[in-house]
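# Descriptive structure summary
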Amino acid sequence: MLTTANTSASHQKSALKFQFKTFEKLPVKVWDDSKEASIHVARSIALAIRQKQQDGDRIVLGLATGSSPIKVYQELVRLHKEDGLSFHNVITFNLDEYYPMPKEAPQSYWRFMHEHLFDHVDIPKSQIFIPNGEIAMEEVQGYCEWYEKQIDLHGGIDIQLLGIGRTGHIGFNEPGSWESSTTRMVRLDNLTRRDAIKDFVFEENVPTRAITMGIASIMKARTIHLLAWGQHKAPILAQAAEGEISATIPATFLQKHKNIRIVIDMAASESLTRVTAPWLCGICNWTEELACQAVTWVSQRTGKPILKLTNEDYNEHGLSELMLLENGAYDLNIKIFNRLQHTITGWPGGKAHADDSTRPERAEPAKKRCIIFSPHPDDDVISMGGTFMRLVDQGHEVHVAYQTSGNIAVHDHDACRFAEFLIEYGQSQGFANEEIEQSYKKVVKFLKTKKTGEPDTPEVRTIKGLIRRGEARAGARYCGIGDSQIHFLDMPFYETGKVRKGEISDADIEIVAHLIEKVQPHQVYAAGDLADPHGTHRVCLDAIFAAFDRLKGHKWMKDCWLWLYRGAWHEFPIYEIDMAVPMSPDQVQRKQKAIFMHQSQKDSAPFPGEDAREFWQRAKERNKATAEIYRKLGLAEYEAMEAFARWKFDWQ
Ligand code: F6R
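### Points about the pairing of strand S3 (residues 59-63)
With five of its five residues buried, S3 lies for the most part within the structure. In S3, alternate side chains face the same way, and those of Ile-59, Leu-61 and Leu-63 on one face and Val-60 and Gly-62 on the other are all buried. Handedness of the crossover joining S3 and strand S4 (residues 90-94) through helix H3 (residues 70-83) is recorded here as right-handed. Direction of pairing for S3 relative to strand S7 (residues 159-162): parallel, over a ladder of two bridges. The residue bridging Gly-62 from the neighbouring strand is Gln-160, located in S7.

### Some words on helix H11 (residues 288-302)
Because the α-helix completes a turn every 3.6 residues, residues three or four places apart line up on one side. Along its 15 residues, H11 runs 21 Å from first to last C-alpha, staying within 8% of the 21 Å computed at 1.5 Å per residue. Among the 15 residues of H11, 11 are classified as buried, and the element is accordingly described as predominantly covered. All of the buried residues along H11 are Glu-289, Leu-290, Ala-291, Cys-292, Gln-293, Ala-294, Val-295, Thr-296, Trp-297, Val-298 and Ser-299. Following H11 by one or two positions, Gly-303 adopts a phi angle in the positive range, close to 75°.

### A closer look at the site of the ligand
Around the ligand sit 14 residues in total, of which Ser-68, Asp-96, His-169, Gly-171 and Lys-233 are the nearest. One nitrogen or oxygen atom from the side chain of Thr-65 is found 2.8 Å from an oxygen atom belonging to the ligand. For the ligand, an oxygen atom lies 2.6 Å from a polar atom in the side chain of His-169. Here the ligand, which alone exposes 410 Å², has 91% of that area covered by the protein. By residue class, the composition of the shell around the ligand is four nonpolar, eight polar and two charged.

### Considerations on the environment of Gly-214
In this fold, Gly-214 is placed in the loop between strand S9 (209-212) and helix H8 (215-219). Between the alpha carbons of Gly-214 and Arg-184 there is a distance of 6.9 Å; along the sequence they are 30 residues apart. Filtering out sequence-adjacent residues up to four positions away, Gly-214 remains in contact with Asn-173, Ser-181, Thr-182, Thr-183 and Arg-184.

### Examining the packing of helix H19 (residues 506-519) against helix H20 (residues 536-551)
If you want to describe how two helices pack, look at the angle between their axes and the distance between the axes. Relative orientation of the contacting elements H19 and H20 amounts to 60°, with a least axis distance of 8 Å. It follows from the interaxial angle that H19 and H20 lie oblique. Viewed along their axes, H19 and H20 form a crossing whose handedness is right-handed. Contacts between H19 and H20 involve Asp-506, Ile-509, Glu-510, Val-512, Ala-513, Ile-516 and Glu-517 from the first element and Ala-543, Ile-544, Ala-546, Ala-547, Phe-548, Arg-550 and Leu-551 from the second. In terms of residue class, the contact of H19 with H20 is made up of 10 nonpolar, no polar and four charged.

### What to know about the sheet that holds S7
With parallel pairing, seven strands are arranged side by side in an open sheet as S2-S11-S10-S7-S3-S4-S6. Whereas interior strands pair on both sides, the edge strands pair on one side only; in this sheet they are strand S2 (28-31) and strand S6 (128-129). Pairing of S3 with S4 involves five bridges; the strand directions are parallel. Looking at S4, one finds that Val-60 is bridged to Ile-91. Across the sheet, helix H2 (residues 34-54) is in contact with S2, S3, S4, S7, strand S10 (223-228) and strand S11 (260-265); its angle to S3 comes to roughly 155°.

### Here we look at the environment of Ile-629
Inspection of the secondary structure puts Ile-629 in helix H22 (residues 615-632). With relative accessibility at 33%, the residue Ile-629 sits in the partly exposed group. The sequence separation of Ile-629 and Thr-287 amounts to 342 residues, and the corresponding C-alpha distance is 22 Å. Here Ile-629 is in contact with Gln-300 and Ile-574, once residues within four sequence places are set aside.

### Thoughts on the sheet that holds strand S8 (residues 184-187)
Ordered in space as S5-S9-S8, the three strands form an open sheet in which the pairing is antiparallel. Strands with a single pairing partner mark the edges of an open sheet, and in this sheet they are strand S5 (96-99) and S8. Between one strand axis and the next, the sheet turns through 30° on average, direction left out of account. In this structure, S5 lies alongside S9, joined through four bridges in antiparallel fashion. What sits directly across from Tyr-98, in S9, is Ala-210.

### A few points about the packing of aromatic side chains
The tally for this structure, following the rule as stated, stands at 21 aromatic pairs. Aromatic pair Tyr-402 and Phe-488: ring centres 5.4 Å apart, planes at 25°, arrangement stacked. Of the two residues, Tyr-402 sits in strand S13 (residues 397-402) while Phe-488 sits in strand S14 (residues 486-488), which places them 86 residues apart along the sequence.

### Brief notes about the side chain of Thr-65
Summarising the element assignment, Thr-65 is placed in the loop between S3 and H3. Given a relative accessible area of 11%, Thr-65 falls into the buried group. Every residue in contact with Thr-65, bar those within four places of it in the chain, is listed here: Asn-94, Asp-96, Tyr-109, Phe-112 and Met-113.

### Here we look at the pattern of salt bridges
Within this structure, the stated rule accounts for 37 salt bridges. The partner of Arg-274 in a salt bridge is Glu-24, with the nearest N and O atoms 2.7 Å apart. With Arg-274 in helix H10 (residues 273-276) and Glu-24 in the loop between helix H1 (8-16) and S2, this pair connects stretches of sequence that are 250 residues apart. By relative accessible area, Glu-24 is classed as buried at 12%. Salt-bridge contacts for Arg-550 lead to Glu-510; the nearest nitrogen and oxygen are separated by 2.8 Å.

About the thresholds
Residue positions are given per chain, counted from 1 along the sequence in the order it is written. This being a predicted model, a pLDDT of at least 70 is required before a residue's local features are given, and a value of 80 or more before pairs of side-chain atoms are given or counted; all residues contribute to the totals for chains, interfaces and linings. Processing note: side-chain calculations cover all non-hydrogen atoms of the structure and skip hydrogens and water entirely. Note on exposure labels: buried denotes an accessible area under 20% of the residue type's maximum, exposed denotes more than 50%, and partly exposed covers the range between, all computed with a 1.4 Å probe on protein chains only. Where helices and strands are cited, they refer to DSSP runs of H or I of at least four residues and of E of at least two residues respectively, numbered from the N terminus. Handedness is read with the strands pointing away from the viewer; a crossover is right-handed when the path from the first strand over the helix to the second is clockwise. The criterion for strand pairing is that DSSP finds at least two bridges linking the strands in question. Here the expected span of a helix is defined as 1.5 Å times the quantity of residues minus one. We call a residue near a molecule or strand as soon as one heavy atom of that residue lies within 4 Å of the molecule or strand. For the purposes of these results, a polar contact is taken to be a pair of N or O atoms within 3.5 Å, where, inside protein, one atom must be able to donate a hydrogen and its partner to accept one; residues adjacent in sequence count only when each atom of the pair is a side-chain atom. Computed with a 1.4 Å probe, the accessible areas rest on the Shrake-Rupley method; for each residue, only the protein chains presented here act as cover. Note on residue classes: Ala, Val, Leu, Ile, Met, Phe, Trp, Tyr, Cys and Pro are nonpolar, Asp, Glu, Lys and Arg are charged, and everything else, Gly too, is polar. We call two residues contacting when some pair of their heavy atoms lies within 4.5 Å. Only the stretch in contact is used when fitting a helix axis, every axis being a line fitted to C-alpha atoms; angles between N-to-C directions are given from 0 to 180 degrees. Any angle from 65 to 115 degrees is called roughly perpendicular, while one under 35 is roughly parallel, one over 145 is roughly antiparallel, and all others are oblique. In this scheme, a crossing is called left-handed if the near helix is turned counterclockwise away from the far one by less than a right angle; it is called right-handed if the turn is clockwise. Planes of paired rings set the category: under 30 degrees apart is stacked, over 60 is edge-to-face and the rest tilted, where pairs are Phe, Tyr or Trp rings (Trp by its six-membered ring) whose centres lie within 6.5 Å. We define a salt bridge as a side-chain nitrogen of Lys or Arg found within 4 Å of a carboxyl oxygen belonging to Asp or Glu.

Right, here's the structure in full:
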């Protein structure tokens, strides 16, 4: 069970407290969250800037773009505006730029840096260096040599900020980059290009090349801070920190740097050995959840079901201490097997009038009120369509709340089709109104001439949002609920018209809190994705946490349980699952049909993310994989399973 006091994060901490051996080959500092960490990094940079000012010196910063350093820049801007931090003595060199790339293009790193930092501080323009994506191809080589020389002429980089790509790139030094590389033109890896779709809408719009500082240029920096936030960075981060130095993961070269700090949040630390197998790092503070992690880990490593694990298996995997504490493998196996067995239920709303002492949900009240929060208009059916239908079939009052309009992820050609439909329908019925018809025609013209990355007009955004509304309504109706139980929240933070969203505000929280107060649910389901700290799912979850906090004084809130599901990409680790709802092959089919209602997201949706499969495929394969994990651990064999973790508040 996840609680505010007992999250897997604090579970990690309890293990870390006793740690004496590390598998990490460079210093890694894990923070509770990325904001706190970013503020710390920004303040250390500010301190260095001020120290240099006192000495009458300049300071050279190496800067990165992307989502990782955004909050560092926010804090630097705040320090400038509210705390008098001046940038007059600062010289900056940016790591990279797409090629070719006009400076003013919405996706250019030049624009990114100005929007996030330079336009808000007093840095002289002549002290800003960013690789130029506008240079002619034949001049690139000479330009790169000049850029490299400028770094040296300015005395070298004092503090370098880095992010890390999922390929292990630093800057745009992709796998295969050599250690002695300097500033140059490179080709982007396919995975990097896929990750960039969020800025370019379609993969074919993403440039294939970039100009980047090299590994050697980066390694010359006197101090390096590498930042990584979110679960999606966890596997590559672990390889960078624990793996052998090799050009296949360029970030491993950083292991040779004398003054580097890896600064990460809890989610990005998930694949480090200190988290995946803390017992290998030292003496652990054993809890039942940690024992469950250890048992499932040994079972997966040995390929043996839990009930067949022996003392020897545990001893060979660094768990002799646990054997002593638990009186041997036999007792431990049974305890953990039962724990996992009790997570499986076909009654996600609780089984009325049954003994619920070992069930994940309460038996009473027999008919519960439930709200399923869906960040985008299809996450409800993708992530928990099977459970949604079961709750309805078992007679609970189920509401679904679509938190955002999802309008950014509709193809222009779909919006165009709907606008043309409206024009032709109006004409065919003879109730065409000149003014309205002209506005639809304007929409069609705009869509037909729209340039890559150009933001949509408000009218187009409305049409795209309505397309998704219609699909969401069809999906929810298919799951069996009536229109009065379907809510569209259109949270304002999402409505920027751009891929990058705004900050969460009071208005977002109020909308969520208002619905919870109106329904007074016994169960709230929410997308518990920590994968992308800047992503929509995370912001939507933060709004739910804030709403719970706002409402916690109400008596009925004591009975309001929060169940988290994971989005289309990741599943919870097995030891964090509190409720696993099995699906039969027929139920899998039904769920698939509900997902099919989201036609605009079928057949290569915009922003497919890191995974080329369609959403229904990902959902199906993930649910199958979860059932397979249970089967391999020696539990019953099901076709598929949806998994949930309960988030328990201190005050419940
Ligand atoms: C950006 C850069 C890249 C990014 C990396 C991580 O200037 O050089 O190496 O740091 O791709 O990107 P985010 O931070 O967006 O995950």
